[in-house]
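The lines below spell out each chain.
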Amino acid sequence: MKALFKKPLATYLFGVFIVVFATGLVLYQIVDNIVILGSVLLTQFIILTLFLMHLYERYIRPIKKATSTIEEIVKGNYRARFHHPSNDSIGLLSAKINSLARNIGEFARHEKMQSEQLSTVIDNTQSGLILVDAKGYIHFVNRKFIHIFGGVPKDYKGHLYYDILENEIIHETVQKTFLYEKNVKEAFTHYKGIDKIYLEIVGAPIFNEKGMLKGAVLVIYDITEMKKLELMRKDFVANVSHELKTPITSIKGFAETLLDGTMDDKEASKEFLGIIYNESERLQLLIEDLLILSRLEKEDFQLVLSEINLKQVVSEVAMLMKHKMDKKKLLLSVNISDEAIIKADKERLKQVIINLLDNAINYTPVNGQIWINGENTKDEVMIEVRDTGIGIAQEALPRIFERFYRVDKARSRDTGGTGLGLAIVKHIVEVHRGDIQISSDLNKGTTVSVTFKKELID
């Protein structure tokens, strides 16, 4: 009975009471017996109330519950359900609402998953992305863009691109994309601290289904490495040309002098022939080093791996270089464990040690000292070549492994160096998946540390 006096049933009950009261007023005019009139009105009230309760429980209440369930679904609560026990039209409505909720929930989950996947891909792409609408407001920037230009996403989102982005090339790219309604490509440089970054920007217009311009997406590529490789290629060609030109010019010049009649002068001829021989030998060394580098850089380059005792290899190299060290009265100290055994290409490993030791000899003054140490761990072996030579300036260290880079160009040529030794060493270490580090102090000496893994795992 309490349910009768709760909203909204109490409202309907009040309506029934009005109907019964109106009926009583009509019947009062024609019925004289008050008891009979009251009994009729009470019976009518009870019948109408029972009918009302049946109607409310069977139709009105389920419809209200269905409406409430649909409101929850509209709000995004796709777990909301409406259960009705009967198989009538209300029961069918219940099944349809629940099916709709399940389908929308499944669709929402798929959409969320796809959105998250797309967001992850866009956010982790190696190109900067920025989305600008037709009015010039920024709607999206990804992680790479933030990495390049700094700040946080909220510094850009909701702002006009020309207010927040200072680079004029970006402004021009957006304007040209909107103006010509086609892809626009530009290139510019950007400074991040003291680092110079080369960037390429591509603006692509975005159209809606009616073909109207909706905005533009800007893709920013970091082409710094490509630019560096291009510069390295240009430098390499220039350096090779220069290095080849010098000995060829000397050989040609002295050969012409001999042909012009100097051959009759035996002493001059001997001197000129000696110079021609030395220059041709230098030319041969240069070409051999270039061929070694070329082989090392081939994708199909294969190492000939074997178990190598490091101490034994160093001893072999020391014997080869003994005469050169004795001429400069250099003292060599070798401290390598007998257990320092690695899996590597023996000829390439010897080449590393020869080049490092040769550099140490060339740049260490008379009566200097050189150390070759080996540090043996469970998984790695580190070879350290240290000298008391002239050293290398700190600003030159980052470029020391570049091809043809020489700290002291005149002295390098005097010692017969090609300028490719350390570049070859670096490549050999890299194909062995090792690591090389160099430290130096001017007029105190240089230390080169090379680390090899004991087992080279593919």
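Residue numbers restart at each chain and count upward from 1, following the sequence in its written direction. Totals for whole chains, interfaces and linings use every residue, but because this is a predicted model, local features are given only for residues with pLDDT of at least 70 and side-chain atom pairs only at 80 or more, for both listing and counting. For the side-chain quantities, the full set of heavy atoms in the structure was used; hydrogens and water were omitted.

*Asks:* What am I meant to see in the packing of aromatic side chains here?
*Replies:* How two aromatic rings sit relative to each other is given by the distance of their centres and the angle of their planes. To pair, rings of Phe, Tyr and Trp, with the six-membered ring standing in for Trp, must have centres within 6.5 Å; the planes then decide the type, stacked if under 30 degrees apart, edge-to-face if over 60, and tilted in the middle. Applying the stated criterion across every chain, the model contains three aromatic pairs. Ring plane angle 85° and centroid distance 5.2 Å describe the contact between F145 and Y156, whose orientation is recorded as edge-to-face. Note that F145 is positioned in helix 4 (residues 143–149) and Y156 in the loop between helix 4 and helix 5 (161–164), a separation of eleven residues in sequence. The pair F145 / Y156 is uniform in exposure class, with both members buried. In textbook terms, an aromatic cluster arises when at least three aromatic residues are bridged by ring pairs, as seen for F145, F149 and Y156. In this description a helix means any DSSP run of H or I spanning at least four residues, a strand means any run of E spanning at least two, and both kinds are numbered starting from the N terminus. Only protein chains enter the accessibility calculation, which uses a 1.4 Å probe; a residue whose area is less than 20% of its type maximum is buried, one above 50% is exposed, and one in between is partly exposed.

*Asks:* I'm lost on the UniProt feature "domain: PAC" (unreviewed entry) in the protein chain in this one. Help?
*Replies:* When the UniProt feature table is mapped onto this chain numbering, "domain: PAC" (unreviewed entry) sits at residues 182–235. Helix makes up 22% of residues 182–235 and strand 59%, with an end-to-end C-alpha separation of 37 Å. UniProt positions are given in the numbering used here, feature names are shortened, and annotations may be inferred rather than shown by experiment.

*Asks:* Is there a simple way to think about the pattern of salt bridges in this case?
*Replies:* Two side chains of opposite charge can pair, provided their charged atoms sit close to one another. Salt bridges are identified by distance alone: a Lys or Arg side-chain nitrogen within 4 Å of an Asp or Glu carboxyl oxygen. Across all of its chains, the model carries nine salt bridges by this definition. Close ionic contact of D326 with K322 constitutes a salt bridge, the shortest N to O distance being 2.9 Å. Placement of the pair is D326 and K322 together in helix 9 (residues 310–327), with a separation of four residues, close to one helical turn. The salt bridge partner of D358 is K324, with a shortest N-O separation of 2.5 Å. A residue pair is termed long-range when its members are at least 10 positions apart, and D358 in helix 10 (residues 346–362) and K324 in helix 9 qualify at 34 residues. The network of salt bridges with shared partners includes E316, K346 and K350.

*Asks:* Just checking my understanding: could you explain the sheet that holds strand 7 (residues 331–335) for this structure?
*Replies:* Through backbone hydrogen bonds, the strands of a sheet pair up, either in parallel or in antiparallel fashion. On the basis of which strands lie adjacent, the open sheet formed by five strands has the order 7-9-10-12-11 and mixed pairing. Because the sheet does not close on itself, it has two edges, and the strands there are strand 7 and strand 11 (435–441). Ignoring which end each strand starts from, the neighbouring axes of this sheet average 10° apart. Being paired, for any two strands, means DSSP has found at least two bridges between them. The sheet contact formed by strand 7 and strand 9 (residues 369–376) spans five bridges and is parallel. Bridging from a neighbouring strand, S333 pairs with W371 of strand 9. Note on definitions: a residue-residue contact is assigned when non-hydrogen atoms from the two residues lie within 4.5 Å. Axis angles are defined between N-to-C directions and span 0 to 180 degrees, where every axis is a line fitted to C-alpha atoms and, for a helix, only to the segment in contact. The sheet strands contacting helix 9 are strand 7, strand 9 and strand 10 (380–387), and the helix crosses strand 7 at an angle near 180°.

*Asks:* I'm lost on the sheet that holds strand 1 (residues 128–133) in this one. Help?
*Replies:* Within the open sheet, the five strands sit side by side as 2-1-5-4-3. Their pairing is antiparallel. Here the strands that pair on one side only, and so sit at the sheet edges, are strand 2 (138–141) and strand 3 (184–192). Put simply, the sheet's adjacent strands are angled 20° from each other on average, direction ignored. Helix 6 (residues 168–180) contacts strand 1, strand 3, strand 4 (195–207) and strand 5 (213–222) of the sheet and is inclined by roughly 160° relative to strand 3.

*Asks:* Would you mind showing me how to read the side chain of T447 here?
*Replies:* Tracing the backbone shows T447 in strand 12 (residues 445–453). Exposure remark for T447: the relative accessible area of 15% places this residue in the buried category. Not counting residues up to four positions away in its chain, the partners in contact with T447 are E384, V385, R386, Q437, I438 and S439.

*Asks:* Is there a simple way to explain unusual backbone geometry in this structure?
*Replies:* Peptide bonds are mostly trans, and most non-glycine residues show a negative phi. Positioned with a positive phi, E181 is a non-glycine residue whose angle comes to about 55°. Positionally, E181 belongs in the loop between helix 6 and strand 3. Among the residues examined, E181 registers a relative accessible area of 40% and is labelled partly exposed. Backbone geometry at N443 places phi at a positive 65°, although glycine is not the residue there. Considering the arrangement of structural elements, one finds N443 in the loop between strand 11 and strand 12. Classification of N443 as exposed rests on a relative accessible area of 68%.

*Asks:* Would you mind going over the pairing of strand 1 with me for this structure?
*Replies:* Of all the six residues making up strand 1, five are buried; the element is thus mostly covered by neighbouring parts of the structure. Taken together, the six bridges between strand 1 and strand 5 define a ladder with antiparallel strand orientation. Looking at strand 5, one finds that L129 is bridged to V219. Note that strand 1 and strand 2 share three bridges and pair antiparallel. Looking at the pairing, I130 lines up with V141 of strand 2. The antiparallel pairing of strand 1 with strand 2 creates a hairpin that spans four residues between the two strands, and G136 there sits at a positive phi of about 95°.

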